[in-house]
Amino acid sequence: MDVDQLGPHQVVALGLLALLPVAWYALTLSGTAGVFAAINVVIVFVALYVAMQPIDDDHGHDGTSA
């Protein structure tokens, strides 16, 4: 599968792969810092996922020009 064929939500979900090095860091060096880093990765994932939502075209206009 080519990256150009992926949707925005799928590409953002790939960002969750960032949890792998965070988990490695948490297990080998600092558990507390790893937990905070994992929380930050999840916050960024959720923010990007929400930002990639489709935009409603209506915007409250009734379709007539003023």
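Caption draft 1: Helix 3 (residues 31-51), seen in detail. A rise of 1.5 Å per residue sets the reference length of helix 3, with its 21 residues, at 30 Å; its end C-alpha atoms lie 30 Å apart and thus fit the reference within 8%. Every buried residue belonging to helix 3 is among Gly34, Val41 and Phe45, and all of these are buried. Taken end-on, helix 3 shows its buried residues confined to a sector of 35°, consistent with a single buried face. Counted as exposed and oriented over 90 degrees from the buried face of helix 3: Thr32, Phe36, Ile43, Val50 and Ala51. Looking at the buried side of helix 3, the elements it contacts are helix 1 (8-14) and helix 2 (19-28). A side-chain oxygen of the first residue of helix 3 lies 3.3 Å from the backbone nitrogen of Ala33; this N-cap is Ser30.

Caption draft 2: The packing of aromatic side chains, seen in detail. Applying the stated criterion across every chain yields a total of one aromatic pair. Ring centres of Phe45 and Tyr49 lie 5.8 Å apart, and the angle between their planes is 40°; on these two criteria the pair is classed as tilted. One end of the pair is Phe45 and the other is Tyr49, both in helix 3 and four residues apart, which spans about a single turn. For Phe45, a relative accessible area of 19% translates into the label buried. Take Tyr49: its relative accessible area is 34%, and that puts it in the partly exposed class.

Caption draft 3: Representation of a nonpolar patch on the surface in the model. Where nonpolar side chains cluster on the molecular surface, the patch consists of Val35, Phe36, Ile39 and Ile43 and spans about 390 Å² of accessible area. Following the sequence through the fold, Ile39 ends up in helix 3.

Caption draft 4: Quick peek at the packing of helix 2 against helix 3. Interhelical geometry of helix 2 versus helix 3 gives an angle of 165° and a closest axis separation of 8 Å. Regarding the angle of helix 2 to helix 3, the classification is roughly antiparallel. Here helix 2 runs over helix 3; the crossing is left-handed. On helix 3, the residues that touch Leu19, Val22, Tyr25 and Ala26 of helix 2 are Gly31, Ala33, Gly34, Ala37, Ala38 and Val41. Considering only residue class, the contact of helix 2 with helix 3 consists of eight nonpolar, two polar and no charged.

Definitions and limits used
Residues numbered from 1 in each chain as written. Predicted model: local features only at pLDDT ≥ 70, side-chain atom pairs only at ≥ 80, totals over all residues. Heavy atoms only, no water. Helix = DSSP H or I, 4+ residues; strand = E, 2+ residues; numbered from the N terminus. Expected span 1.5 Å × (residues − 1). Buried < 20%, exposed > 50% of the residue type's maximum accessible area, 1.4 Å probe, protein only. Arc of directions from axis to C-beta. Contact = heavy atoms within 4.5 Å. Polar contact = N/O pair within 3.5 Å; in protein donor to acceptor, adjacent residues only side chain to side chain. Phe/Tyr/Trp six-rings, centres within 6.5 Å; stacked < 30°, edge-to-face > 60°. Patch = residues over 30% accessible without salt bridge, like charges linked within 9 Å, V, L, I, M, F, W, Y side chains within 5 Å. Areas by Shrake-Rupley, 256 points an atom, 1.4 Å probe, with all protein chains shown as cover. Salt bridge = Lys/Arg side-chain N within 4 Å of Asp/Glu carboxyl O. Axes fitted to C-alpha atoms, helices over the stretch in contact; angles between N-to-C directions. Parallel < 35°, antiparallel > 145°, perpendicular 65-115°, else oblique. Left-handed = near helix turned anticlockwise from the far one by under 90°. Nonpolar A, V, L, I, M, F, W, Y, C, P; charged D, E, K, R; others polar.

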